[in-house]
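# Notes for the structure review
Each chain is listed here by its residues.
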Amino acid sequence: MTAVKTSPTSEARPSGRGRPSKAKGLDLKETILDAAEGLFARHGFYGVTTRQVASEAGVDTALIHYYFGAKRELFDAVFLRRAEILNQAREASMDAYVKAVAPDAMTVEGVIEAFIEPLLRISQDGGPGWKSYFALVAQVNNTPAWGGETMARFFDPVVHRLVETLKSVRPQAEYRDLYWCYQFLTGSMMLTLSETGRIDSLSEGECHSSDLEAVRRRLFSYCAAGFEAVIAKASSAP
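Residues numbered from 1 in each chain as written. Predicted model: local features only at pLDDT ≥ 70, side-chain atom pairs only at ≥ 80, totals over all residues. Heavy atoms only, no water.

### Re the environment of L185
What counts is decided by this rule: Here a strand is any run of E in DSSP of at least two residues, a helix any run of H or I of at least four, and the numbering for each starts at the N terminus. Throughout this description, buried means an accessible area under 20% of the type-specific maximum (1.4 Å probe, protein chains only), exposed means over 50%, and partly exposed covers the range between. For this analysis, residues touch if any pair of their heavy atoms sits within 4.5 Å.
Structurally, L185 is set in helix 8 (residues 175-194). On the accessibility criterion, L185 (2% relative accessible area) is buried. Those residues in contact with L185 that sit more than four places away from it in its chain are I112, F115, I116, C223 and F227.

So this is what it looks like as structure tokens:
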């Protein structure tokens, strides 16, 4: 009898014999998400096909459709996987700050640090997957067609929490000013986390985009000073 040859992914393909086992399925889903994340971060949503993701992950294209559906659903799954972790980390950080500091001792800089610090820590300690993810978020944040809608779906609740906490620290601030200041803050934050290397060449080696300790010493106070200046100017306007 001639032996039947099977491809490396034949056990993973959905067939009439049943679905992949739960444990194997979870591993395969993570493998696909890791591959898609790296490709989307490097080439953007429109520069990647599901066939390329399948090739990178070493699985059949049908398996991507089986687990995730179309490419947009795969992209959303990539985005959601780490967004939930980030949101929980930032909520916990702001909770800890509010509980540790008396209401009349809270500062704009302290709130901003509580909001941003978890991202810096995760970027430093989380490995290359997180570097890819932050680069991907920076891309989406600057995509006019659907980037705003995607960011809103995944991150709006924690951003509203930040704005409300800042409002409690500076009750005289107008909400429109707080939202404009957040717009400027998120630009600084995401450019920093994407680590493009731009500042390395611009500064001729004086600064390095991967030096997140240098970022810590500057970013919180920079953003807080901007908030305070905008609020003060608005309050003094006739």
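This is not the end of the story, as more comes after the structure.
### Some words on helix 8
For clarity, the threshold we go by: Expected helix span is computed as 1.5 Å times (number of residues minus one).
Taking 1.5 Å per residue, 20 residues should reach 28 Å; helix 8 reaches 28 Å between its end C-alpha atoms and fits that length. Considered for burial, the residues of helix 8 that qualify are D177, L178, C181, Y182, L185, T186, M189, M190, T192, L193 and S194. Tucked inside the fold, the buried residues of helix 8 contact helix 4 (71-100), helix 5 (108-125), helix 6 (128-141), helix 7 (147-169) and helix 10 (212-236). Where helix 8 ends, the next residue or the one after it, E195, has phi of about 50 degrees, a positive value.

### Re the environment of C181
Relative to the helices and strands, C181 is located in helix 8. For C181, a relative accessible area of 3% translates into the label buried. Along the sequence, C181 and I231 sit 50 residues apart, while their C-alpha atoms lie 9.3 Å from each other. For C181, the residues in contact, after removing those within four places along its chain, are G226, F227 and V230.

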